[in-house]
Amino acid sequence: MEVIVKENYEEVSKTAARIVARVLNAKPNAVLGLATGSTPLGLYRELVRMHEEEGLDFSQVTTFNLDEYVGLPKDHPQSYHYFMHQNLFQHINIPAHGIYMPSGTTDNYEAFCKWYEQRIVESGGIDVQVLGIGSDGHIAFNEPSSSLGSRTRIKTLARQTIQDNARFFESIDQVPVYAITMGVGTIMETRKVLLLANGEAKARAIADAIEGPVTSMCPASALQLHRDAIVVIDRKSAGQLKMLEYYEWIQAKMPGAP
Ligand code: PGA
């Protein structure tokens with residue numbers, strides 16, 4: 001894992017955008033894995049700015065989103081379809097046929113999940129996967145105790161996640177209990193992972209993910225076994241890392257590496 005600690009959210013977002021842009025510049029038809037939530041908003045804002053001001057091109061890009069709430073139609077303001085269109089897709093030149101999102105309204109989830117996995121493979125696999133982390137250590141909607149080999153499937157959300165996400169709904173009762181989500185195994189097959197976090201509320205989960213044992217009790221800890229995982233976090237979410245000084249030393253010495 002490469003751990004990059006930045007002073008604040010804006011720097012986290014800019015660093016993440018530079019990493020995504022580097023992938024796109026090297027491979028204009030790259031396949032991006034995208035996430036929702038508050039964390040990647042700054043990254044998306046920066047990608048939109050790069051598109052508008054620097055001509056960052058998405059015309060050949062394919063995207064796959066991690067997850068979606070079950071039962072929310074695409075135009076529901078809290079659906080992840082809506083979120084992605086509002087915050088990214090409508091502002092860049094990605095063609096509609098390049099966008100894949102898990103469906104929250106299919107009448108056959110089992111078949112849909114298989115199809116989604118197959119589309120990822122047929123598209124050549126995900127080149128870079130953006131991830132946030134839950135305060136309980138989840139990635140996508142893979143809650144603690146999720147199999148580390150899991151594939152796209154329906155998950156029952158943990159109470160903690162429902163509480164964390166209630167802020168986006170009028171009341172906690174309106175937060176869906178089920179979600180369709182890529183599995184930890186699906187995420188582990190992506191070529192590069194970009195895990196982002198900010199704020200003190202994520203400090204415990206970040207420490208468990210990076211320095212704790214690899215365990216399904218912290219699904220993000222599976223990323224310790226990923227061949228190319230980059231973690232970009234702010235100083236507050238890095239607050240419980242035991243090896244913080246070493247990670248900063250590595251970053252400081254990197255320009256001189258042979
Ligand atoms: P957040 O969610 O970015 O809104 O904190 C992250 C997550 O639950 O994966």
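Our structure is the block above this text.
Note that the coordinates shown come from a computational prediction; the quantities given were computed from them, not determined experimentally.

Asker: Just to check I follow, could you spell out the overall build of the chain for this structure?
Answerer: Within the chain, the secondary structure is distributed over 8 helices and 10 strands. For the chain, the C-alpha radius of gyration of 17 Å lies close to 18 Å, the compact-globule estimate for 258 residues. Viewed in the frame of its principal axes, the chain has a C-alpha envelope of about 55 × 40 × 35 Å. Sorting the 258 residues of the chain into buried and exposed places 53% on the buried side. Considering only contacts within the chain whose residues lie at least 6 apart along the sequence, 78% involve residues at least 24 apart.

Asker: Help me out: how do you make sense of the packing of helix H1 (residues 9-26) against helix H2 (residues 41-54) in this one?
Answerer: Axis angle and axis distance: for two packed helices, these are the angle between their axes and the distance between the axes, and together they describe the pair. Running from N to C, H1 and H2 point in directions that differ by 55°, and their axes come no closer than 8 Å. The angle between the axes of H1 and H2 places the two elements in the oblique class. The two elements H1 and H2 cross, and the hand of that crossing is right-handed. Contacts between H1 and H2 involve Tyr9, Ser13, Lys14, Ala16, Ala17, Arg18, Val20 and Ala21 from the former and Leu41, Gly42, Leu43, Arg45, Glu46, Leu47 and Met50 from the latter. Looking at the contact of H1 with H2, its residues break down into 9 nonpolar, 2 polar and 4 charged.

Asker: Just checking my understanding: could you explain the site of the ligand for this structure?
Answerer: In the neighbourhood of the ligand, the contacting residues comprise Gly37, Ser38, Thr39, Gly132, Ile133, Gly134, His138, Arg167 and Lys202. Between the ligand and the protein, one listed contact pairs an oxygen atom with a backbone N or O atom of Ser38 at 2.9 Å. By residue class, the composition of the shell around the ligand is 1 nonpolar, 6 polar and 2 charged.

Asker: Is there a simple way to think about the sheet that holds strand E1 (residues 2-6) in this case?
Answerer: Two pairing modes exist for strands in a sheet, parallel and antiparallel, and in both the strands are linked by backbone hydrogen bonds. A sheet is described by the order of its strands in space; here 7 strands give the open sequence E1-E10-E9-E6-E2-E3-E5, paired in parallel fashion. The open sheet has two free edges, formed respectively by E1 and strand E5 (99-100), since each of these has just one partner strand. Bridge analysis of E1 against strand E10 (residues 229-234) gives 5 bridges, and the strand direction is parallel. Pairing of Val5 across the sheet is with Ile233, part of E10.

Asker: When you look at the nonpolar core in this model, what are you seeing that I'm missing?
Answerer: Side chains of a nonpolar character, in soluble globular proteins, are inclined to be buried together. Of all hydrophobic cores here, the largest spans 82 residues; its most connected members are Leu47 and Leu241. Among the elements that line this core, the one with the most residues is H1, at 8 residues. The contact partners of Leu47, leaving out residues within four places of it in the chain, are Ala17, Val20, Leu56, Phe58 and Leu88.

Asker: Explanation requested: a nonpolar patch on the surface in the structure shown.
Answerer: Together, Met243, Tyr246, Trp249, Ile250 and Met254 make up an exposed nonpolar region whose accessible area comes to about 500 Å². Examined against the element boundaries, Tyr246 turns out to sit in helix H8 (residues 244-253). You can call Tyr246 partly exposed: its relative accessible area is 45%.

Asker: Would you take a moment to explain the sheet that holds strand E7 (residues 153-156) for this structure?
Answerer: Strands sit in the order E4-E8-E7 across an open sheet of 3 strands; the sheet is antiparallel. Two strands bound the open sheet, and with one partner strand each, they are strand E4 (67-69) and E7. Recorded for the sheet is a direction-independent mean angle of 30° between the axes of neighbouring strands. The sheet contact formed by E7 and strand E8 (residues 178-181) spans 4 bridges and is antiparallel. Considered in E8, the bridge of Lys155 is made with Ala179.

Asker: Where do I start with the packing of H2 against helix H3 (residues 80-87) in this structure?
Answerer: Two numbers describe how H2 lies on H3: the axes approach to 10 Å, and their chain directions differ by 40°. When the axes of H2 and H3 are compared, the pair comes out oblique. Packed against H2, whose contacting residues are Leu41, Tyr44 and Val48, the element H3 presents Phe83, Met84 and Asn87 at the interface. Of the residues that constitute the contact of H2 with H3, the class distribution is 5 nonpolar, 1 polar and no charged.

Asker: Looking at this model, I keep getting lost on the pairing of E8. Mind explaining?
Answerer: Along any regular strand, the residues point their side chains to alternate faces of the sheet. Pairing geometry for E4 and E8, over 3 bridges, is antiparallel. Among the inter-strand pairings, Glu68 is bridged to a residue of E8, identified as Ile180.

The rules behind each value
- Residues numbered from 1 in each chain as written.
- Predicted model: local features only at pLDDT ≥ 70, side-chain atom pairs only at ≥ 80, totals over all residues.
- Heavy atoms only, no water.
- Helix = DSSP H or I, 4+ residues; strand = E, 2+ residues; numbered from the N terminus.
- Rg over C-alpha atoms; globule rule 2.2 N^0.38 Å.
- Buried < 20%, exposed > 50% of the residue type's maximum accessible area, 1.4 Å probe, protein only.
- Contact = heavy atoms within 4.5 Å.
- Axes fitted to C-alpha atoms, helices over the stretch in contact; angles between N-to-C directions.
- Parallel < 35°, antiparallel > 145°, perpendicular 65-115°, else oblique.
- Left-handed = near helix turned anticlockwise from the far one by under 90°.
- Nonpolar A, V, L, I, M, F, W, Y, C, P; charged D, E, K, R; others polar.
- Near = heavy atom within 4 Å.
- Polar contact = N/O pair within 3.5 Å; in protein donor to acceptor, adjacent residues only side chain to side chain.
- Pairing = 2+ DSSP bridges.
- Core = buried A, V, L, I, M, F, W, Y, C linked by side-chain atoms within 4.5 Å.
- Patch = residues over 30% accessible without salt bridge, like charges linked within 9 Å, V, L, I, M, F, W, Y side chains within 5 Å.
- Areas by Shrake-Rupley, 256 points an atom, 1.4 Å probe, with all protein chains shown as cover.
- Salt bridge = Lys/Arg side-chain N within 4 Å of Asp/Glu carboxyl O.

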